[in-house]
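Reading the structure
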Amino acid sequence: LYESIKLIGDVHLQRGLRAWDRVDMAEAERELAAATSSFEQAAQIGQSDAEVYEALADAWIQRVAVAQQQGQLPAVQSGYTALLDISNKIRTADPKSIAGPLKQAQGLFWRISAQDPNDDLGDLARQCQTQAERVLAKQAQHPYASNLLSTCVAVLGSIAFANRQDPEPLYRKAIAVLEPILD
């Protein structure tokens, strides 16, 4: 009956999101950690249920966001590592789902946002671009994947500009990805 354990995780996830909205980061982290724990327990039992892994990925994405907002770089890095593992499990449980690459692109976005000086932002942005494009290959004009793709391509444009290269083609691509969504 792993579904009941997942439901407990869902409650903690919602409480964590509400705490984050109130900017109560300590409470958000406690609730998100509880959500993660519940989802991990549910995943041990329901190993073939991609929805459990998707919920676990959502909890980790929020934990990474909270850590990034608080400048807790080691927590961002460890959360990102956990998220990569989970997105691979989503792909195994449901290879046709867009959730695996979408969750990975979200994690890459937060990793880029953390601006770790040891990270290769260009490599992370290209990985983000690849994952978002995988989603869009299955669901053209997916709004969140389009936003992630646009953001990661814009990061590549900023890197090109910093390296005294022409960023215009990248910025144009970033805009072109979003225009159909706006329409």
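Throughout this description, residue numbers start from 1 for each chain and increase along the sequence as written. With pLDDT at 70 or above as the cut-off, local features in this predicted model cover only qualifying residues; side-chain atom pairs require 80 or more to be listed or tallied, and sums for whole chains, interfaces and linings still use all residues. Side-chain figures throughout are based on the complete set of non-hydrogen atoms in the structure, without hydrogens or water.

Topic: the overall build of the chain
On a plain count of helices and strands, the chain comes out with 8 helices and 0 strands. For a compact globule the rule gives 2.2 Å times the number of residues to the power 0.38, and the radius of gyration it is set against comes from C-alpha atoms. In summary, the chain has a C-alpha radius of gyration of 17 Å against a globular reference of 16 Å for 183 residues, a match within 12%. Considering only residue pairs separated by 6 or more positions, the chain has 63% of its internal contacts joining residues 24 or more positions apart. On the chain, roughly 9600 Å² of surface is accessible, and the fraction owed to carbon and sulfur atoms is 51%. Of the charged side chains in the chain, 17 are positive and 23 negative; the average position of the first set lies 1 Å away from that of the second. Runs of E in the DSSP output that reach at least two residues are strands. Runs of H or I that reach at least four are helices, and both are numbered from the N terminus. Note on contacts: a residue pair is in contact if any heavy atoms of the two residues lie within 4.5 Å. Method for areas: the Shrake-Rupley scheme with a 1.4 Å probe, in which residue coverage is limited to the protein chains shown. In summary, the charge assignment counts Lys and Arg as positive and Asp and Glu as negative, without counting His or the chain termini. Think of each charge as sitting on NZ of Lys, CZ of Arg, CG of Asp or CD of Glu.

A short note on the packing of aromatic side chains
Between 30 and 60 degrees the pair is tilted, below 30 it is stacked and above 60 it is edge-to-face, where a pair is any two Phe, Tyr or Trp rings, Trp via its six-membered ring, whose centres lie within 6.5 Å. The tally for this structure, following the rule as stated, stands at 1 aromatic pair. With a centroid separation of 5.2 Å and an interplanar angle of 75°, the aromatic rings of Phe109 and Trp110 are classed as edge-to-face. Note on exposure labels: buried denotes an accessible area under 20% of the residue type's maximum, exposed denotes more than 50%, and partly exposed covers the range between, all computed with a 1.4 Å probe on protein chains only. A relative accessible area of 23% places Phe109 in the partly exposed class. Both a distance and an angle decide whether a charge sits over a ring: NZ of Lys or CZ of Arg must be within 6 Å of the ring centre and within 35 degrees of the ring normal. We note Arg63 situated over the ring of Trp60; from NZ or CZ to the ring centre the distance is 4.4 Å.

Some words on the nonpolar core
Of all hydrophobic cores here, the largest spans 29 residues; its most connected members are Leu13, Phe39, Ile86 and Ile90. Elements represented by at least two residues in this core include exactly helix H1 (2-21), helix H2 (25-45), helix H3 (50-69), helix H4 (73-93) and helix H5 (99-114). No other element matches H3, which puts 12 residues into this core. If near-sequence neighbours (up to four positions away) are discounted, Leu13 is found in contact with Leu32, Ala35, Phe39, Asp58, Ala59 and Gln62. Core analysis: the second largest hydrophobic core is formed by 21 residues, Ala105, Leu136, Ala145 and Leu148 among them. What we call a nonpolar core is a set of buried Ala, Val, Leu, Ile, Met, Phe, Trp, Tyr and Cys residues that are connected through their side-chain atoms within 4.5 Å.

Regarding the pattern of salt bridges
Put simply, a salt bridge is a Lys or Arg side-chain nitrogen that is within 4 Å of an Asp or Glu carboxyl oxygen. Under the defined criterion, the tally for this structure stands at 8 salt bridges. The residue Glu27 makes a salt bridge to Arg30 at a minimum N-O spacing of 2.6 Å. With Glu27 and Arg30 both in helix H2, this residue pair falls 3 residues apart, about one helical turn.

Describing the packing of H3 against H5
If you want to describe how two helices pack, look at the angle between their axes and the distance between the axes. Every axis in this analysis is a line fitted to C-alpha atoms, fitted for helices over the stretch in contact. Angles between the N-to-C directions lie between 0 and 180 degrees. Their axes nearest at 10 Å, the elements H3 and H5 cross at an angle of 10°. Judged by the angle between their axes, H3 and H5 are roughly parallel. In contact with Glu54, Ala57, Asp58, Ile61, Val64, Ala65 and Gln68 of H3, H5 contributes Ala99, Lys103, Gln106, Trp110, Ser113 and Ala114. Working rule for angles: under 35 degrees goes down as roughly parallel, over 145 as roughly antiparallel, 65 to 115 as roughly perpendicular, anything else as oblique.

Considering unusual backbone geometry
Residues other than glycine seldom take positive phi values, yet Val23 does so here, at roughly 60°. Following the sequence through the fold, Val23 ends up in the loop between H1 and H2. Residue Val23 is classed as exposed on the basis of its relative accessible area of 60%. You will see that Gln141, though not glycine, has its phi angle at about 65°, which is positive. Classification of Gln141 as partly exposed rests on a relative accessible area of 49%.

Thoughts on the state of the cysteines
Disulfides are defined as pairs of cysteine sulfur atoms found within 2.5 Å of each other. If you walk through the whole model with that rule in mind, you get 1 disulfide. Disulfide partner of Cys128: Cys152, at an S-S distance of 2.1 Å. Between Cys128 and Cys152, the disulfide has an S-S torsion of 65° and is therefore right-handed. Taken together, the residues Cys128 in helix H6 (residues 121-138) and Cys152 in helix H7 (residues 143-162) connect sequence positions 24 residues apart.

Brief notes about the environment of Leu108
Mapped onto the secondary structure, Leu108 falls in helix H5. Residue classification places Leu108 among the buried residues on the basis of a relative accessible area of 0%. It is 23 Å that separates the C-alpha atoms of Leu108 and Ala43, two residues lying 65 residues apart in sequence.

Keep in mind these values describe shape, not function.
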